[in-house]
Amino acid sequence: MVTPGAAARKILPLIGLQLPLQEIRNTFSWFETDESIYAATDFPAFTFELPEETYYGFPSIKGAGVKIGHHDGGRPRDMEKPIEPFGAYEQDEQNVASFAQQHLPKTGKHGLGKPCTYTITPDENFFIDNHPEHEHVILACGFSGHGFKFSSVVGEILTDMVTGNRQSKRDLSLFSINRFNKG
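Residues numbered from 1 in each chain as written. Predicted model: local features only at pLDDT ≥ 70, side-chain atom pairs only at ≥ 80, totals over all residues. Heavy atoms only, no water.

Engineer: Would you mind going over unusual backbone geometry in detail, with residue names and values included?
Structural biologist: Look at Lys 106: it is not a glycine, yet its phi comes out positive at around 65°. Tracing the chain through its elements places Lys 106 in the loop between helix H3 (91-103) and strand E6 (107-120). In this structure, Glu 124 is a non-glycine residue whose phi angle is positive, near 60°. Along the chain, the position of Glu 124 falls in the loop between E6 and strand E7 (127-130). (Helix = DSSP H or I, 4+ residues; strand = E, 2+ residues; numbered from the N terminus.)

So, in structure tokens, the structure goes:
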């Protein structure tokens, strides 16, 4: 099984695959909050879709503050160089601070921000498939910054693929490595 994460574009050519993947630098931040509203015991993880952008977040855990990230957008990332630190770009804090002020009442000032790497496909769906020339090699990558939400079912799918369980009723064509091939 090959699950190369952010190193996919570097590793996959070693097994004869060139897939349309792009690494994107994105950021997330924590904001001071009213713990009576945003504590993990009372407030859920969330996704907030606006007409032009999507945000996600997590409740305050042990008083760390509410965590907010801007899911879409970001900047192409050169994986040969260290990731630029949080604050390298004005919008690192600006995007999520504006969202917090408009949509999450009683959030306070910006606390801590961090950069992260998304590895995305053109349609932002994953690759989960067998290698076209080596059926015994299973590939899973391109989780577009949101694969963790599907980790339990992806784990089941990969287990079925590795153990040869063909009983699975899941249609995996959405995740085919050949879906971008023309012809």
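Engineer: Break down the environment of His 136 for me, citing the residues and quoting the values.
Structural biologist: Examined against the element boundaries, His 136 turns out to sit in the loop between E7 and strand E8 (138-141). Note on His 136: relative accessible area 65%, which makes it exposed. Counting along the chain gives 28 residues from His 136 to Gly 108, while the straight-line C-alpha distance between them is 52 Å. (Buried < 20%, exposed > 50% of the residue type's maximum accessible area, 1.4 Å probe, protein only.)

Engineer: Account for the pairing of strand E4 (residues 66-70), naming residues and giving values.
Structural biologist: Among the five residues that make up E4, five are buried, leaving the element largely enclosed by the rest of the structure. Where strand E1 (residues 22-33) meets E4, four bridges bridge the pair, whose relative direction is antiparallel. For Ser 29, the partnering residue across the bridge sits in E4 and is Ile 68. One ladder, built from four bridges, connects strand E3 (residues 54-58) with E4; its direction is antiparallel. Looking across to E4, one finds that Tyr 55 is bridged to His 70. (Pairing = 2+ DSSP bridges.)

Engineer: How would you explain the packing of aromatic side chains if you had to name every residue and give the values?
Structural biologist: The tally for this structure, following the rule as stated, stands at eleven aromatic pairs. Ring plane angle 10° and centroid distance 5.5 Å describe the contact between Phe 126 and Phe 175, whose orientation is recorded as stacked. Taken as a pair, Phe 126 in the loop between E6 and E7 and Phe 175 in the segment after helix H4 (151-163) lie far apart in primary sequence, 49 residues in all. The class for Phe 175 is buried, based on a relative accessible area of 14%. When the ring of Phe 127 is compared with that of Phe 180, the centres are 6.2 Å apart and the planes differ by 85°; the resulting orientation is edge-to-face. Taken together, the positions of Phe 127 in strand E7 and Phe 180 in the segment after H4 put the pair 53 residues apart, joining distant regions of the chain. Its relative accessible area of 0% is what places Phe 127 among the buried residues. Three or more aromatic residues joined by ring pairs make a cluster, and in this case those are Tyr 38, Phe 43, Phe 46, Phe 48, Tyr 55 and Phe 99. The ring of Phe 28 carries the charged tip of Lys 67 above its face, separated from the ring centre by 4.3 Å. Here the basic side chain of Arg 75 rests over the ring of Tyr 89, its NZ or CZ set 3.6 Å away from the ring centre. (Phe/Tyr/Trp six-rings, centres within 6.5 Å; stacked < 30°, edge-to-face > 60°. Lys NZ or Arg CZ within 6 Å of the ring centre and 35° of its normal.)

Engineer: How would you summarise the side chain of Asp 72 if you had to cite specific residues and measurements?
Structural biologist: Its location among the elements puts Asp 72 in the loop between E4 and strand E5 (75-76). For Asp 72, the side chain forms a polar contact with the main-chain nitrogen of Thr 54, separated by 3.0 Å. At 2.9 Å, the side chain of Asp 72 forms a polar contact with the side chain of His 70. Among all residues touching Asp 72, those that are not within four sequence positions of it are Asn 26, Glu 52, Glu 53 and Thr 54. (Polar contact = N/O pair within 3.5 Å; in protein donor to acceptor, adjacent residues only side chain to side chain. Contact = heavy atoms within 4.5 Å.)

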